[in-house]
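# Structural characterization, general
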Amino acid sequence: MRRWRLHINYLAGLVYGDGSLYYYERNQEYFILIYDNDYEFLRRVGEETKKIFNISYTIVKPSKTKNYYKLQFTNAELYRLLEKLIKERPKRLTKSFIRGILDAEGTIYMDKKERIALEIAMNNKQVIERMQKWLIRIGVRATVTRHQGKRGNRKTIYKVRIRGWDNVGKAIELLKPQHPKIADKYKKLKLIKSQVVYDYVGPR
């Protein structure tokens with residue numbers, strides 16, 4: 001039961017961050033869509049969902065010119081469960097829901113001074129601020145920044161930002177992101193940092 005609950009909340013976070021729910025009234029079909037440029041990541045999400053809910057999935061590339069893929073489920077029951085959670089969870093955050101948003105909208109990077117940062121960017125200020133408070137409550141320092149689009153038609157973006165190796169490490173350990181752009185990249189950045197320190201100190 002716990003695995004089912006964790007996964008449905010994670011899926012809700014993915015859809016909320018970078019997906020959509022679509023009801024095709026003419027055929028009475030319910031579509032759950034998740035978009036990402038990493039095919040293997042979407043396949044893993046699809047397989048896990050198939051295993052837990054016993055429903056099939058497809059992954060397609062919308063067109064040759066697009067650089068992303070679309071994971072698709074067609075299931076009325078799953079649609080309704082996610083629809084309910086997507087309305088509720090932004091007001092009452094859970095770890096699995098935030099993990100889904102992090103995998104959808106997160107990024108991790110290291111600057112030239114070997115300083116690391118983990119960020120989640122969205123145009124919903126309230127949700128970003130709630131995530132900041134949630135992170136602080138579990139012992140992860142986080143700040144919120146506002147970024148205005150350079151063009152007039154671009155929306156304002158808000159970011160919850162986690163800085164510092166110890167702080168980011170704690171967030172990664174607690175949230176356990178699944179997407180390679182976060183989980184695998186964090187491991188690579190740690191290796192780069194350790195190599196820089198080794199080169200500076202020298203072999204002993």
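An account of the accompanying structure is given in this report. (Residues numbered from 1 in each chain as written. Predicted model: local features only at pLDDT ≥ 70, side-chain atom pairs only at ≥ 80, totals over all residues. Heavy atoms only, no water.)

## So, the overall build of the protein chain
Secondary structure summary: the protein chain contains 7 helices and 8 strands in total. By the compact-globule yardstick of 17 Å for 204 residues, the protein chain fits well, its C-alpha radius of gyration being 19 Å. Expressed along its principal axes, the backbone C-alpha trace of the protein chain runs to roughly 70 × 40 × 35 Å. Pairs at least 24 apart in sequence give 64% of the contacts found in the protein chain among residues at least 6 apart. (Helix = DSSP H or I, 4+ residues; strand = E, 2+ residues; numbered from the N terminus. Rg over C-alpha atoms; globule rule 2.2 N^0.38 Å. Contact = heavy atoms within 4.5 Å.)

## Some points on the sheet that holds strand β5 (residues 106–110)
Spatial strand order, β5-β6-β8-β7: 4 strands in an open sheet with antiparallel pairing. The strands lining the two open edges of the sheet, one partner per strand, are β5 and β7 (143–147). Ignoring which end each strand starts from, the neighbouring axes of this sheet average 30° apart. In this structure, β7 lies alongside strand β8 (residues 157–163), joined through 5 bridges in antiparallel fashion. Within the sheet, the bridge partner assigned to Thr145 lies in β8 and is Lys159. Of the strands in this sheet, β6 (116–122), β7 and β8 touch helix α5 (residues 125–137), which is tilted by about 15° from β8. (Pairing = 2+ DSSP bridges. Axes fitted to C-alpha atoms, helices over the stretch in contact; angles between N-to-C directions.)

## Points about the packing of helix α1 (residues 2–18) against helix α3 (residues 76–88)
It is the contact of α1 with α3, at a shortest axis distance of 9 Å, that shows an interaxial angle of 70°. As summarised for this structure, α1 and α3 are arranged roughly perpendicular, according to the angle between their axes. Counted together, Trp4, Ile8, Asn9, Leu11, Ala12, Val15 and Tyr16 of α1 and Leu78, Leu81, Leu82, Leu85 and Ile86 of α3 form the full contact between these two elements. Each residue belonging to the contact of α1 with α3 can be placed in one class, and the counts come to 11 nonpolar, 1 polar and no charged. (Parallel < 35°, antiparallel > 145°, perpendicular 65-115°, else oblique. Nonpolar A, V, L, I, M, F, W, Y, C, P; charged D, E, K, R; others polar.)

## Notes on the sheet that holds strand β3 (residues 58–60)
Read from one edge to the other, the open sheet built from 4 strands follows the order β1-β2-β4-β3, with strand pairing classed as antiparallel. Edge positions in the sheet fall to β1 (19–24) and β3, since each of these pairs with one other strand and no more. Shown here is a sheet whose adjacent strand axes are inclined to one another by a mean of 25°, direction ignored. Pairing of β3 with strand β4 (residues 69–74), which is carried by 3 bridges, proceeds in the antiparallel orientation. By the bridge assignment for β4, Ile59 is matched with Leu71. In the packing of α3 onto the sheet, contacts are made with β1, β2 (29–36) and β4, and the angle to β2 comes to roughly 60°.

## As for α1
Taking 1.5 Å per residue as the helical rise, α1 with its 17 residues ought to reach 24 Å, and the 24 Å between its terminal C-alpha atoms agrees with that figure. Looking at α1, one finds that the buried residues are His7, Ile8, Asn9, Tyr10, Leu11, Ala12, Gly13, Leu14, Val15 and Gly17. Residues of α1 that are buried make contact with β1, β2, α2 (39–53), α3 and α4 (95–105). (Expected span 1.5 Å × (residues − 1). Buried < 20%, exposed > 50% of the residue type's maximum accessible area, 1.4 Å probe, protein only.)

## Focus on the environment of Gln72
Of note, Gln72 is situated in strand β4. In the structure, Gln72 is positioned 61 residues away from Leu11 in sequence and 12 Å away in space, judged by C-alpha atoms. If sequence neighbours within four positions are ignored, Gln72 has contacts with Phe31, Ile32, Leu33, Ser56, Tyr57 and Thr58.

## Focus: a positive patch on the surface
Residues Arg2, Arg5, Lys95 and Lys176 make up a contiguous surface patch of positive charge. On the secondary structure map, Arg2 appears in helix α1. Arg2 gets classed as exposed once you look at its relative accessible area, which sits at 60%. (Patch = residues over 30% accessible without salt bridge, like charges linked within 9 Å, V, L, I, M, F, W, Y side chains within 5 Å. Areas by Shrake-Rupley, 256 points an atom, 1.4 Å probe, with all protein chains shown as cover. Salt bridge = Lys/Arg side-chain N within 4 Å of Asp/Glu carboxyl O. Lys, Arg positive; Asp, Glu negative; His and termini not counted. Charge placed at Lys NZ, Arg CZ, Asp CG, Glu CD.)

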